[in-house]
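Examining the three-dimensional arrangement
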Amino acid sequence: RRCILIGAPVDSGKRRTGCLMGPDAYRTAGLAEALSDLGHVVEDLGNLTPAEHGPEPDGTHLHQPNRTIGWTNRLIRAAEQAMPRGLPIFLGGDHALALGSVAGVANHAARMGRPQFVLWLDAHSDYHTPETSTSGNLHGTPLGYVTGRSGFAGFPVITNPVKQENICIIGLRSVDRPEREALQQTKIRFHDMRQIDETGIARPLAAFLDTVAAANGMLHVSLDVDFLDPSIAPAVGTTVPGGATIREGHLVMEMICDSGLMTSLDLVELNPFLDERGRTAQLMVDLAASALGRRVFDRPTQSYS
Ligand code: DIR
Ligand code: MN
Ligand code: MN
Ligand code: MN
C-alpha cells in the first residue's frame, strides 16, 4: 500500500505543550523505515501548518479555539487530498487534530458512496462540545464534532457526519459527566476497561470489525497514546492508570491488519518532552507497524463470537 505520512504538530488542543514535537519523534523512531520494510511505499509530506485564522478571543473558557479552527480547515483538506492516493497516517499532535482528519476522511467516504466508520482507542471519550467542556481543551471534543453535535461555532460545518452506530470506543476509564450522559443517549459503541477485563479486548473489536466489513465501510483508526497504560507509555499529558497492555495494543492492531479494513490512521497525543528515551514513540511506531502487517507468524484471526 501507499502510506502517506502527514505531520500534524497540533498543540492547541490542550494547555500542556509538547505534542508539536510528536511528528519528528515518530520519524526519529523509524516509522517510515518500519513501513517500507513491510513492503509499503512511504511518502512523507512533512509537517503541515494551520490555515490562516483569527486572533484568539478574550472572555472564553476555550483554549486557542481559533488556532484549532485553522488546523481543522487545513487537516480536512489534507485528508481529502490524501485519501484518493493512499492510506494517510496523521502524525500528531494532540487529539484536536482528529476534528480535521476524521471530518476530511468522512467527506471522502461520502464521495465514494461508502459509510465511514471510526475506531477510537482512548482512555477518554472525547465526546464533549465546546459548550460542555469544563477544561476548555478542544482535544476532548473531536467525536462530538464529527458526529455533528451543535456548539462548534466558527468551525467548518460538518457536511458528512459520522453516524453514531459507526463509532466504537475502546479503552475508556476517564469520562466526564456531561460526556457520559450524552454518550448513553447515543448508538455509539463504547467499551470501558472493566469490559476489557471481563471479555478480553478481542471480542468487542471483532464484533465491530465484522460490522464494518458487512457494510463495506471505510475505517479510520484514532490511536491516543493514553489508550495504553502509563507504565508502558508515559509520554502523554493525560495519563490514566489501568490502560491497555503492550500485548492488548498489538492484538488490536494485528486484528485491524487481518481485517484489511483500515483506510486511515491517527497517532495522537504523544508528548516527546515527557518521554523516557523515546520508548513511547517507539511503542507507537511498533503498534502502527502491527496495524500494517508486522507479525511474528502468519495465522488467521480466530473467531471470537
Ligand atoms: C478531558 C480530557 N475529558 C477534557 N480529555 C482528553 O479535558 O475534556 N484527554 N481527551 O486526553
Ligand atoms: Mn483523546
Ligand atoms: Mn485520551
Ligand atoms: Mn487527550
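What follows deals with the overall build of the chain. From N to C terminus, the chain includes 10 helices and 8 strands. The C-alpha radius of gyration computed for the chain amounts to 17 Å, which stays within 12% of the reference 19 Å derived for 305 residues, consistent with globular compactness. Referenced to the eigenvectors of the C-alpha coordinate spread, the extents of the chain come out at roughly 55 × 40 × 40 Å. The burial tally for the chain puts 58% of its 305 residues in the buried class.

Turning our attention to a nonpolar patch on the surface. Together, Leu20, Met21 and Phe273 make up a nonpolar patch on the protein surface, roughly 330 Å² of accessible area in all. You can call Met21 partly exposed: its relative accessible area is 34%.

Within the secondary structure layout, Cys19 lies in the loop between strand E1 (2-8) and helix H1 (22-28). Classification of Cys19 as buried rests on a relative accessible area of 1%. The sequence separation of Cys19 and Pro234 amounts to 215 residues, and the corresponding C-alpha distance is 13 Å. When sequence neighbours within four positions are dropped, the list of residues in contact with Cys19 reads Val10, Asp11, Lys14, Gly92, Gly93, Asp94, Glu269, Leu270 and Asn271.

Counting residues in hydrophobic clusters, the biggest one holds 54 residues, and the most contacted among them are Ile89, Leu119 and Leu267. When residues in this core are grouped by element, the largest group, 8 residues, is from helix H10 (residues 279-291).

This next bit is on the site of ligand 1. As a structural note, the neighbourhood of ligand 1 is formed by His124, Asp126, His128, Ser135, His139, Gly140, Asp176, Glu179, Asp226 and Thr238. Between ligand 1 and the protein, one listed contact pairs an oxygen atom with a side-chain N or O atom of Ser135 at 2.6 Å. A distance of 2.9 Å separates a nitrogen atom of ligand 1 from a polar atom in the side chain of Asp176. Relative to its unbound accessible surface of 310 Å², ligand 1 loses 91% to contact with the protein. Residue classes in the shell around ligand 1 are distributed as no nonpolar, 6 polar and 4 charged.

This paragraph deals with the side chain of Asn137. Its place among the elements puts Asn137 in the loop between strand E4 (116-121) and helix H5 (142-146). Judged by its relative accessible area of 14%, Asn137 falls in the buried class. For Asn137, the contacting residues outside a window of four places in its chain are Gly13, Lys14, Arg15 and His63.

This paragraph deals with the sheet that holds strand E5 (residues 167-172). Taken in spatial order, the 8 strands of this open sheet run E2-E1-E3-E8-E7-E4-E5-E6, and their pairing is parallel. Strands with a single pairing partner mark the edges of an open sheet, and in this sheet they are strand E2 (41-47) and strand E6 (189-192). Going from strand to strand, the sheet's axes swing by 15° on average, the running direction of each strand aside. Inspection of the sheet shows E4 paired to strand E7 (residues 218-224) by 6 bridges, in the parallel sense. Across the sheet, the residue bridging to Trp120 is Ser222, located in E7. Taken strand by strand, H10 contacts E7 and strand E8 (262-268), and its axis lies near 175° from that of E8.

Below, the discussion takes up the pairing of E6. Pairing geometry for E5 and E6, over 4 bridges, is parallel. When the bridges of E6 are listed, Ile169 appears paired with Phe190.

Tallied over the full model, the rule gives 4 aromatic pairs. Centre to centre, the rings of Phe117 and Phe208 are 6.0 Å apart; their planes meet at 65°, and the pair counts as edge-to-face. In this pair, Phe117 sits in strand E4 while Phe208 sits in helix H8 (residues 202-214), placing the two residues 91 residues apart along the sequence. Taken individually, Phe117 and Phe208 each receive the classification buried, so the pair is uniform in this respect. By the ring-pair criterion, three or more aromatic residues cluster together here, those being Tyr145, Phe152 and Phe155. Stacked on the ring of Tyr127, the Lys or Arg Arg149 has its end atom at 4.5 Å from the ring centre.

What counts, and at which threshold
- Residues numbered from 1 in each chain as written.
- Chains lettered and ligands numbered in written order.
- Predicted model: local features only at pLDDT ≥ 70, side-chain atom pairs only at ≥ 80, totals over all residues.
- Heavy atoms only, no water.
- Helix = DSSP H or I, 4+ residues; strand = E, 2+ residues; numbered from the N terminus.
- Rg over C-alpha atoms; globule rule 2.2 N^0.38 Å.
- Buried < 20%, exposed > 50% of the residue type's maximum accessible area, 1.4 Å probe, protein only.
- Patch = residues over 30% accessible without salt bridge, like charges linked within 9 Å, V, L, I, M, F, W, Y side chains within 5 Å.
- Areas by Shrake-Rupley, 256 points an atom, 1.4 Å probe, with all protein chains shown as cover.
- Salt bridge = Lys/Arg side-chain N within 4 Å of Asp/Glu carboxyl O.
- Contact = heavy atoms within 4.5 Å.
- Core = buried A, V, L, I, M, F, W, Y, C linked by side-chain atoms within 4.5 Å.
- Near = heavy atom within 4 Å.
- Polar contact = N/O pair within 3.5 Å; in protein donor to acceptor, adjacent residues only side chain to side chain.
- Nonpolar A, V, L, I, M, F, W, Y, C, P; charged D, E, K, R; others polar.
- Pairing = 2+ DSSP bridges.
- Axes fitted to C-alpha atoms, helices over the stretch in contact; angles between N-to-C directions.
- Phe/Tyr/Trp six-rings, centres within 6.5 Å; stacked < 30°, edge-to-face > 60°.
- Lys NZ or Arg CZ within 6 Å of the ring centre and 35° of its normal.

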